[in-house]
Amino acid sequence: MSHFAGIQVITRCLEETQLLGQKIGTSISAGTVICLTGDLGSGKTSFVQGLAMGLGVPDDYYITSPTYVLINEYPGRYPLFHVDLYRIEEPVDFEDIGLYEILHGKGVVVVEWADKLSKDFLAEYLTIHFEILNEESRKLTISANVPEVSALVERIAKAWA
Ligand SMILES: Nc1ncnc2c1ncn2[C@@H]1O[C@H](COP(=O)(O)OP(=O)(O)O)[C@@H](O)[C@H]1O
Ligand SMILES: [Mg+2]
(Lines give C-alpha, C1' and ligand atoms only; values in the text may rest on other atoms or scores of the structure.)
(Ligands and ions follow the chains in the order given, each with its own letter.)
Protein backbone atom coordinates (compact mmCIF):
# COMPACT_ATOMS: atom_id res chain seq x y z
CA MET A 1 0.00 0.00 0.00
CA SER A 2 1.38 3.38 -0.92
CA HIS A 3 1.24 6.42 1.30
CA PHE A 4 1.42 10.01 0.18
CA ALA A 5 2.91 13.14 1.66
CA GLY A 6 4.16 11.60 4.90
CA ILE A 7 5.46 14.02 7.50
CA GLN A 8 7.24 13.42 10.79
CA VAL A 9 6.65 15.27 14.00
CA ILE A 10 8.53 14.89 17.27
CA THR A 11 6.57 15.66 20.41
CA ARG A 12 8.60 16.20 23.56
CA CYS A 13 5.89 15.74 26.19
CA LEU A 14 2.34 14.52 26.65
CA GLU A 15 0.90 18.02 26.23
CA GLU A 16 2.58 18.43 22.84
CA THR A 17 0.95 15.24 21.56
CA GLN A 18 -2.39 16.52 22.86
CA LEU A 19 -1.79 19.88 21.19
CA LEU A 20 -1.15 18.19 17.84
CA GLY A 21 -4.40 16.25 18.28
CA GLN A 22 -6.19 19.48 19.13
CA LYS A 23 -4.90 21.27 16.04
CA ILE A 24 -6.01 18.38 13.85
CA GLY A 25 -9.41 18.28 15.59
CA THR A 26 -9.90 21.95 14.87
CA SER A 27 -9.27 21.57 11.16
CA ILE A 28 -10.93 18.30 10.11
CA SER A 29 -14.37 17.80 8.67
CA ALA A 30 -17.03 15.10 9.06
CA GLY A 31 -16.20 11.76 7.49
CA THR A 32 -12.51 11.89 8.41
CA VAL A 33 -11.05 8.58 9.54
CA ILE A 34 -7.79 8.60 11.49
CA CYS A 35 -5.92 5.33 12.00
CA LEU A 36 -3.48 5.20 14.92
CA THR A 37 -0.76 2.58 15.20
CA GLY A 38 2.17 2.08 17.56
CA ASP A 39 3.08 0.33 20.78
CA LEU A 40 1.32 0.50 24.12
CA GLY A 41 2.19 3.76 25.83
CA SER A 42 3.28 5.47 22.64
CA GLY A 43 0.64 8.22 22.95
CA LYS A 44 -2.39 7.17 20.89
CA THR A 45 -4.97 7.83 23.60
CA SER A 46 -3.25 11.08 24.56
CA PHE A 47 -3.60 12.17 20.95
CA VAL A 48 -7.32 11.33 21.00
CA GLN A 49 -7.76 13.50 24.11
CA GLY A 50 -6.43 16.48 22.17
CA LEU A 51 -8.43 15.57 19.10
CA ALA A 52 -11.60 15.63 21.22
CA MET A 53 -10.66 19.04 22.55
CA GLY A 54 -10.22 20.35 19.01
CA LEU A 55 -13.60 18.93 18.04
CA GLY A 56 -15.24 20.74 20.93
CA VAL A 57 -16.06 17.68 23.04
CA PRO A 58 -17.03 19.10 26.47
CA ASP A 59 -14.11 18.66 28.87
CA ASP A 60 -16.17 16.80 31.46
CA TYR A 61 -15.73 13.77 29.18
CA TYR A 62 -12.53 12.05 30.21
CA ILE A 63 -11.12 10.04 27.33
CA THR A 64 -9.26 6.85 28.19
CA SER A 65 -8.47 3.67 26.33
CA PRO A 66 -11.71 1.76 26.71
CA THR A 67 -10.79 -1.60 28.21
CA TYR A 68 -13.88 -3.61 27.40
CA VAL A 69 -15.77 -1.22 25.16
CA LEU A 70 -14.91 -1.22 21.50
CA ILE A 71 -16.37 2.16 20.59
CA ASN A 72 -17.05 5.28 22.59
CA GLU A 73 -19.02 8.15 21.12
CA TYR A 74 -18.50 11.73 22.25
CA PRO A 75 -20.55 14.76 21.24
CA GLY A 76 -18.67 17.60 19.56
CA ARG A 77 -18.76 19.79 16.46
CA TYR A 78 -19.18 16.36 14.85
CA PRO A 79 -19.75 13.18 16.81
CA LEU A 80 -16.38 11.61 17.65
CA PHE A 81 -16.20 7.82 17.51
CA HIS A 82 -13.21 6.51 19.43
CA VAL A 83 -12.46 2.89 18.59
CA ASP A 84 -9.87 0.77 20.39
CA LEU A 85 -9.06 -2.62 18.86
CA TYR A 86 -6.42 -3.64 21.43
CA ARG A 87 -8.42 -6.66 22.58
CA ILE A 88 -9.48 -7.75 19.11
CA GLU A 89 -7.67 -10.84 17.89
CA GLU A 90 -8.85 -11.21 14.31
CA PRO A 91 -8.82 -8.28 11.90
CA VAL A 92 -12.21 -6.56 11.69
CA ASP A 93 -13.81 -4.01 9.41
CA PHE A 94 -16.18 -1.18 10.25
CA GLU A 95 -19.22 -3.31 9.45
CA ASP A 96 -18.16 -6.01 11.93
CA ILE A 97 -18.08 -3.49 14.75
CA GLY A 98 -21.30 -1.76 13.73
CA LEU A 99 -19.62 1.49 12.88
CA TYR A 100 -20.65 1.61 9.26
CA GLU A 101 -24.30 2.04 10.19
CA ILE A 102 -23.66 4.62 12.86
CA LEU A 103 -21.28 6.69 10.86
CA HIS A 104 -22.76 7.44 7.44
CA GLY A 105 -20.00 9.97 6.92
CA LYS A 106 -21.36 12.29 9.58
CA GLY A 107 -18.80 11.86 12.29
CA VAL A 108 -15.08 11.69 12.84
CA VAL A 109 -13.60 8.26 13.55
CA VAL A 110 -10.30 7.62 15.31
CA VAL A 111 -9.07 4.04 15.65
CA GLU A 112 -6.37 2.83 18.06
CA TRP A 113 -4.52 -0.36 17.03
CA ALA A 114 -5.69 0.30 13.49
CA ASP A 115 -3.37 -2.38 12.14
CA LYS A 116 -6.22 -4.72 13.17
CA LEU A 117 -8.70 -2.83 11.01
CA SER A 118 -9.32 -4.13 7.52
CA LYS A 119 -9.21 -1.13 5.24
CA ASP A 120 -10.61 -2.76 2.11
CA PHE A 121 -13.77 -0.68 2.22
CA LEU A 122 -12.14 2.46 3.50
CA ALA A 123 -11.63 4.92 0.65
CA GLU A 124 -9.68 7.64 2.44
CA TYR A 125 -7.93 7.77 5.77
CA LEU A 126 -5.13 9.43 7.61
CA THR A 127 -2.59 7.25 9.43
CA ILE A 128 -0.50 8.34 12.38
CA HIS A 129 2.19 5.96 13.53
CA PHE A 130 3.59 6.55 17.03
CA GLU A 131 7.08 5.57 18.09
CA ILE A 132 8.57 5.86 21.56
CA LEU A 133 11.93 7.64 21.36
CA ASN A 134 12.47 7.94 25.09
CA GLU A 135 10.50 8.59 28.28
CA GLU A 136 9.18 11.97 27.10
CA SER A 137 9.59 12.02 23.31
CA ARG A 138 7.52 10.42 20.60
CA LYS A 139 7.98 10.34 16.84
CA LEU A 140 4.72 10.63 14.91
CA THR A 141 4.62 9.79 11.22
CA ILE A 142 1.52 11.21 9.56
CA SER A 143 0.53 9.94 6.14
CA ALA A 144 -2.37 9.70 3.71
CA ASN A 145 -3.52 6.60 1.86
CA VAL A 146 -4.59 8.54 -1.24
CA PRO A 147 -3.48 11.90 -2.72
CA GLU A 148 -6.87 13.42 -1.77
CA VAL A 149 -5.92 13.19 1.90
CA SER A 150 -2.45 14.65 1.46
CA ALA A 151 -3.96 18.16 1.47
CA LEU A 152 -4.95 17.44 5.06
CA VAL A 153 -1.42 16.25 5.85
CA GLU A 154 -0.05 19.49 4.40
CA ARG A 155 -2.51 21.55 6.48
CA ILE A 156 -1.36 19.69 9.58
CA ALA A 157 2.30 20.33 8.69
CA LYS A 158 1.57 24.06 8.32
CA ALA A 159 -0.46 24.24 11.52
CA TRP A 160 2.38 22.56 13.39
CA ALA A 161 5.26 24.57 11.92
N1 LIG B 1 5.49 13.00 24.00
C2 LIG B 1 4.53 12.24 24.58
N3 LIG B 1 3.35 12.05 23.94
C4 LIG B 1 2.39 11.26 24.47
N5 LIG B 1 2.49 10.62 25.66
C6 LIG B 1 3.65 10.78 26.34
C7 LIG B 1 4.70 11.60 25.84
N8 LIG B 1 5.71 11.56 26.73
C9 LIG B 1 5.30 10.78 27.73
N10 LIG B 1 4.07 10.30 27.52
C11 LIG B 1 3.36 9.37 28.42
O12 LIG B 1 3.17 8.15 27.70
C13 LIG B 1 1.90 7.59 28.01
C14 LIG B 1 1.08 7.48 26.73
O15 LIG B 1 -0.07 6.76 27.05
P16 LIG B 1 -1.28 6.59 26.05
O17 LIG B 1 -1.58 7.88 25.39
O18 LIG B 1 -2.38 5.91 26.82
O19 LIG B 1 -0.65 5.57 24.97
P20 LIG B 1 -1.37 4.48 24.05
O21 LIG B 1 -2.81 4.86 23.90
O22 LIG B 1 -0.58 4.52 22.77
O23 LIG B 1 -1.19 3.16 24.76
C24 LIG B 1 1.25 8.50 29.03
O25 LIG B 1 1.51 8.01 30.30
C26 LIG B 1 1.97 9.83 28.80
O27 LIG B 1 2.02 10.62 29.97
MG1 LIG C 1 -4.59 3.68 24.11
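Just above sits the structure.
In this text the structure is predicted, and so the values were computed from the model without any measurement.

## Some words on the site of ligand 1
Surrounding ligand 1, one finds 16 residues, the nearest of these being T17, G41, K44, T45 and S46. One of the side-chain nitrogen or oxygen atoms of T17 is found 2.5 Å away from a nitrogen atom of ligand 1. Out of a free accessible area of 560 Å², ligand 1 has 77% covered by protein chains. In terms of residues, the shell around ligand 1 owes the most to one element, helix α2 (residues 44-54), which gives 3 residues. For the shell around ligand 1, the class distribution of residues is 3 nonpolar, 7 polar and 6 charged.

## A closer look at the nonpolar core
Soluble, globular proteins show a tendency: their nonpolar side chains are buried together. The biggest cluster of nonpolar side chains holds 29 residues, and the ones touching the most others in it are I24, I34, F47, L51, L80, I128 and I142. Elements with a contribution of two residues or more to this core: β1 (4-11), α1 (14-27), β2 (33-38), α2, β5 (108-112), β6 (126-132), β7 (138-144) and α4 (147-160). Ranked by size, the runner-up nonpolar core spans 19 residues in total, among them I97, L103, V111 and W113.

## A short note on the packing of aromatic side chains
Centre distance and the angle of the planes are the two values used to describe a pair of aromatic rings. All told, the structure shown has 3 aromatic pairs when counted by the stated rule. Ring geometry for Y61 versus Y74: centroids 5.7 Å apart, planes at 80 degrees, classification edge-to-face. Residue Y61 is located in the loop between α2 and β3 (71-74), and its partner Y74 is located in strand β3; the two are separated by 13 residues in the primary sequence. The partly exposed category is assigned to Y61, whose relative accessible area is 38%. Using a relative accessible area of 8% as the deciding quantity, one classes Y74 as buried. Seen from their ring centres, Y86 and W113 are 5.1 Å apart, and the 40 degrees between their planes marks the pair as tilted. Remark: W113 occurs in the loop between β5 and β6 and Y86 occurs in the loop between β4 (80-84) and α3 (99-103); sequence separation between them is 27 residues. Residue class for Y86 comes out partly exposed when judged on its relative accessible area of 40%. Look at W113 and you get buried, because its relative accessible area is 14%. Sitting over the face of the ring of W113, K44 holds its NZ or CZ atom 4.3 Å from the ring centroid.

## Let's talk about the environment of I28
Among the secondary structure elements, I28 is positioned in the loop between α1 and β2. I28 sits 41 residues away from V69 along the chain, and the two C-alpha atoms are 25 Å apart. Once residues lying within four places of it in the same chain are set aside, the contact partners of I28 are I34, L51, L55, R77, Y78, V108 and L152.

Reading the values: rules and limits
Residues numbered from 1 in each chain as written. Chains lettered and ligands numbered in written order. Predicted model: local features only at pLDDT ≥ 70, side-chain atom pairs only at ≥ 80, totals over all residues. Heavy atoms only, no water. Near = heavy atom within 4 Å. Polar contact = N/O pair within 3.5 Å; in protein donor to acceptor, adjacent residues only side chain to side chain. Areas by Shrake-Rupley, 256 points an atom, 1.4 Å probe, with all protein chains shown as cover. Helix = DSSP H or I, 4+ residues; strand = E, 2+ residues; numbered from the N terminus. Nonpolar A, V, L, I, M, F, W, Y, C, P; charged D, E, K, R; others polar. Core = buried A, V, L, I, M, F, W, Y, C linked by side-chain atoms within 4.5 Å. Buried < 20%, exposed > 50% of the residue type's maximum accessible area, 1.4 Å probe, protein only. Phe/Tyr/Trp six-rings, centres within 6.5 Å; stacked < 30°, edge-to-face > 60°. Lys NZ or Arg CZ within 6 Å of the ring centre and 35° of its normal. Contact = heavy atoms within 4.5 Å.

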